[in-house]
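A structural walkthrough
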Amino acid sequence: MNKLTLPLLFSLPALGFAAALPLVNPGFENSTDGWSFGDAGMSSVSDKAARSGEYGLLVEDQSGAKGSSVRSARLPVEPGKSYQVDFSAKIIGGGGIAVYLEFYDAKGKALTSSKDRTQVLRVIPPQLDGWKEYSVAGTAPEGTATVAVWVHSFSGNTVTAALDDFSVQEVPASAVKEHPSSQSAASKSAAAQPAWTGRSEDLPSFEKKDPAAAFPEMKVYQPDGSAFRQPKEDWEQARQKVKDDPEWAQWYAAKKKEVDAWMAHNKDRAEWEAGWNHEFISPHDNAFLVWTDRVPGEEVDHFMSKTGDRVEITPKLFRSWVGAFRKNHASMMIEAGMLYRLTQDEKYAEWVAAQLDFYADNYMAWEKGVAKRANSWLGYQSLDDAVIISRQADAARLVFDYAGKDRRQNWYENLFKPEAILLGKTFQNIHNIATWQRATQVKIALLYGDKELLKESMDGGRGLRQQFERGVTGEYVWYEQSMGYNGFIIMATESLFTTAALIGEGDAVRREAEIAENLMLAPLSIRFPDGTIPNPADNTGVPRASVTGLAQVYRILPTWIGLVRATTVRNWDTLVDPPEQIADLTGHRAEDLPEVVSRNMESTRFAVLKEGPWQVFFHYGQLNRSHSQAEALNWAASYGDVMITRDFGTVAYGSPASSEYYRQGLAQNVPLVDGNGQAPWHPGKLLAFDAEEGMVEAEQTQYRPNATARRKLRIEGDTLIDEVSVKVTEGEAVPLGLALHLLGEPELSDDFKAVPQEVFTEGRPVPFKYWKDVKAATFEDFVSVPVAYDGGLVLDVEFKGSGPFTLYVGQAPGQPPATHTAFFLDGPSGHEANWTVRMQPHIDHPEPTASPEEEPKERSFWQWLFGS
């Protein structure tokens, strides 16, 4: 028997069968044996990631800047032969992870790379539908000696995934051709979208000919025609005010009391490690906890949630508390520095200087935190470092003269310079956090006259100048699209612009400052009547069209609104540089906001329709994967002063709900393919825009790997019409559906019956588990449902399809703990579906409403009374 078996075994590869290679610990049952982990804790061996056995590989990449990395031990192979890795994987949230075959020569040099587009990889689709089996095959190039398996999440993505049951085997050359996924990431990206959208560093220089000339009716221009003003610090006048003006005297007394109390009570400690602010959340409802300066475990024995729940102190929560403390402590250093300038009391200057001494003396102590990200010493991640050191630099400027040359040079050599170098190691791309890094580096360089650091951080390939040229679109929206990032860029750079101007270096940042001003003004021009602004991408919460930011920067970027608003505020800015002394404000009001009109914001991939009572915001594509969600073709709308539907954004990134629900298709007003929204991101194609007709139409030719989608929105009088089509381009027929989120309350007919949660979620992706109190009814072609809104408005919401569909109505998560009504139109499995949704004010009819085919499919008559 053995004589017959051995020859057969050795001949299997020639017959097309696989020969296994001795991969060590393929299922992670022996912890990390046979695998190297190089991602600072993003990847771990966990029982939560097991498909078989007790353990598997869990990847939790929430960085958005740096990817995970786990490699197997290298296995001996032969050049010219083909090899395949098989594995199982499950996406838990987000997307952007792949398994690679890496070939090496005898000296350990990699023979496959992204640079020359020879990588062999299998991207795991971002579908939340449980475990799947995958494989990828490649042929070993000339000179190959070994092969390894690499698990890597992409640097610009956030993803949580489980992987298990790896195996590597020799296969016939024909097997490589059977795996179209075995290609380079670069070539896949190039095939999927325009070259400039593949990576953030490939973004174009968006056209911005004359930033100072944008929004001219809102700006207060300087004598030289610039929108950038030289600020003042008149401390003598400030001292006179707090002496003679009772209100300013009261403000000063309160400020002094606050700073004195902080100085007496609070002290940073070298043994404290900072954590992530997004993890300072309640396990009960994912809402942020209430932060106080009482030291956890010493002065308090628990935290409190904003909803009143008692939350026990854990190491993770304590680290998150420290992260907030260190930022607040840096802010209080600025306050103390201001008091020194005002009062000339050296105790404040000495306290600030002593804090800077402490950070310079102990800076190295925070290098090896057990839970923080790489290249972040003061905080949890490099963004935190930038925020903290930027505030410390502001405080240092205020006490420079008091400290003297030797002391402030010590701060530079042992705190500011090494931190500037550290910031330079991260985010070498175009990104909102990169703007923080570069702005902070530039501030340090200007403050200390470091020309080399200034040149690198300002004019380098990923320097501050490029952040503004390629990170800000032609309509003055940050390319990552979340409107919160417009304000975030201001937060990153405002103190730099102020510092630069105060020390006589304003010309170095003038253009960037003028672009930044437009970032504040642009959202006002697309605001909804209730004061909120559109909410694309993964903003945490629902942003409002606030003019507070204009009041905060009036000293350097004055606007009429900002100056008027600033006259009502008492703070350090209005004390040392009074807004009423900048311009004559007679006849100007803080309420004078720009008119909202229909406009196509093509370089940003947005459109606005404003016609009659309707205002519609349409998000038809993305510019990059960073902070993108499964929401292309999403829309929001208002009718008169009433919000009809909005994007609720996401919750804290540390919450599982962020990736499992809020970033997924079911949370948006989008078509669904087998229960899933768009993946991956894509700029889409604008098909038509007509402001006069109140119409916009766009297409996503790569809505999903196997599907296209198109949407047309138009306003006809008091009716909004939404036309959606979806096509499955390859593979088997799948359920096609549509999600719609409304802020009103529907009046459901008796046809709607309660659906058990397990029935609603069975066979569907993870996001469906987040809907509660679901009811459903099945209709043929058409149904109309009245939806009532606060104030008396009632809309008839009509769903029209072709054939039978089930309409689910449930309570969907908004911003915790709020919920709202959501509809899920679930059509039968197919390759194509077309739906029309009409919304119009409800009119009481004496007879039931017939379907468009004049067959009484479903009654739409309910007695609703309009309010005044």
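Residues numbered from 1 in each chain as written. Predicted model: local features only at pLDDT ≥ 70, side-chain atom pairs only at ≥ 80, totals over all residues. Heavy atoms only, no water.

1. A closer look at the overall build of the chain
- A tally of regular secondary structure across the chain gives 20 helices and 31 strands.
- A globule of 868 residues ought to have a C-alpha radius of gyration of about 29 Å, and the chain, at 30 Å, matches this closely.
- Overall, the chain is about 100 × 85 × 55 Å in size when its C-alpha atoms are taken along their principal axes.
- Buried positions account for 57% of the 868 residues belonging to the chain.
- Counted over contacts in the chain with a minimum sequence separation of 6, partners at least 24 positions apart contribute 71%.
- For the chain, the accessible area works out to roughly 35,300 Å², and carbon and sulfur atoms hold 50% of it. (Helix = DSSP H or I, 4+ residues; strand = E, 2+ residues; numbered from the N terminus. Rg over C-alpha atoms; globule rule 2.2 N^0.38 Å. Buried < 20%, exposed > 50% of the residue type's maximum accessible area, 1.4 Å probe, protein only. Contact = heavy atoms within 4.5 Å. Areas by Shrake-Rupley, 256 points an atom, 1.4 Å probe, with all protein chains shown as cover.)

2. With respect to helix α10 (residues 405–423)
- In α10, a bend of some 45° at Y412 exceeds every other bend along the element.
- Residues of α10 that are buried include every one of W411, Y412, L415, F416, E419, A420, L422 and L423, and no others. (Bend = angle between axes of the 7 residues up to and from the residue.)

3. Side note on the pattern of salt bridges
- Here the structure, examined in full by the defined rule, presents 43 salt bridges.
- Salt-bridge contacts for R229 lead to D577; the nearest nitrogen and oxygen are separated by 2.9 Å. Of the two residues, R229 is situated in the loop between α3 (185–192) and α4 (235–244) and D577 in the loop between α18 (572–576) and β15 (599–601); the sequence distance between them amounts to 348 residues. Pair check on accessibility: R229 and D577 agree, each one buried.
- Across the pair D538 and R663 runs a salt bridge, and its minimum N-O distance is 3.5 Å. (Salt bridge = Lys/Arg side-chain N within 4 Å of Asp/Glu carboxyl O.)

4. Describing the packing of helix α13 (residues 464–471) against helix α15 (residues 510–521)
- The contact between α13 and α15 brings their axes to 10 Å, and the two run at 40°. Between α13 and α15, the crossing angle belongs to the class labelled oblique. For the element pair α13 and α15, the recorded crossing hand is left-handed. Along the contact surface, α13 presents L464, R465, F468 and E469, while α15 presents R511, E512, I515, A516 and L519.
- Tallied by class, the residues present in the contact of α13 with α15 amount to five nonpolar, no polar and four charged. (Axes fitted to C-alpha atoms, helices over the stretch in contact; angles between N-to-C directions. Parallel < 35°, antiparallel > 145°, perpendicular 65-115°, else oblique. Left-handed = near helix turned anticlockwise from the far one by under 90°. Nonpolar A, V, L, I, M, F, W, Y, C, P; charged D, E, K, R; others polar.)

5. Concerning the packing of aromatic side chains
- According to the stated counting rule, one finds 44 aromatic pairs in the structure shown.
- Each ring, one from F416 and one from Y448, has its centre 5.9 Å from the other, and the planes form 40°; the classification is tilted. With F416 in helix α10 and Y448 in helix α11 (residues 432–448), the pair connects residues that are 32 residues apart, well separated along the chain.
- Since its relative accessible area comes to 0%, F416 is described here as buried.
- Take Y448: its relative accessible area is 18%, and that puts it in the buried class.
- Considering the side-chain rings of F618 and Y620, the 6.0 Å spacing of their centres and the 50° angle between planes classify their relative orientation as tilted. Just as F618 is buried, Y620 falls in that class too. (Phe/Tyr/Trp six-rings, centres within 6.5 Å; stacked < 30°, edge-to-face > 60°.)

6. Quick word on the confidence of the model for the chain
- Looking at the chain, pLDDT values average 88 and 91% of them are 70 or higher.
- The model gives residues 178–198 a pLDDT under 50, and that stretch makes 44 contacts with residues more than four places away or in other chains.
- Contacts from residues 845–868, a stretch scored under 50 in pLDDT, to residues over four places away or in other chains number 45 contacts. (pLDDT = per-residue confidence, 0-100.)

7. Let's talk about helix α7 (residues 346–362)
- Compared with an ideal rise of 1.5 Å per residue, which puts 17 residues at 24 Å, α7 spans 24 Å between its outermost C-alpha atoms and is within 8% of the ideal.
- Burial in α7 covers these residues: Y348, A349, W351, V352, A353, Q355, L356, D357, F358, Y359 and A360.
- If you check the start of α7, you find a side-chain oxygen 3.0 Å away from the backbone N of K347, and it comes from D345. (Expected span 1.5 Å × (residues − 1). Polar contact = N/O pair within 3.5 Å; in protein donor to acceptor, adjacent residues only side chain to side chain.)

8. Structural notes on the sheet that holds strand β19 (residues 642–645)
- Within the open sheet, the five strands sit side by side as β15-β16-β17-β18-β19. Their pairing is antiparallel. For this open sheet the edge positions go to β15 and β19, each flanked by a neighbour on one side alone. In this sheet, adjacent strand axes meet at a mean angle of 15° when their direction is disregarded.
- The pairing of β15 with strand β16 (residues 606–611) spans three bridges and is antiparallel. Across the sheet, R599 pairs through a bridge with V608, a residue of β16. (Pairing = 2+ DSSP bridges.)

9. Examining the packing of α11 against α13
- Two elements in contact, α11 and α13, have axes separated by 8 Å at closest approach and are oriented at 145°. Here α11 runs over α13; the crossing is left-handed. Facing α11, whose interface residues are A434, T435, R438, A439 and V442, α13 presents L464, Q467 and F468.
- In the contact of α11 with α13, the residues fall into five nonpolar, two polar and one charged.

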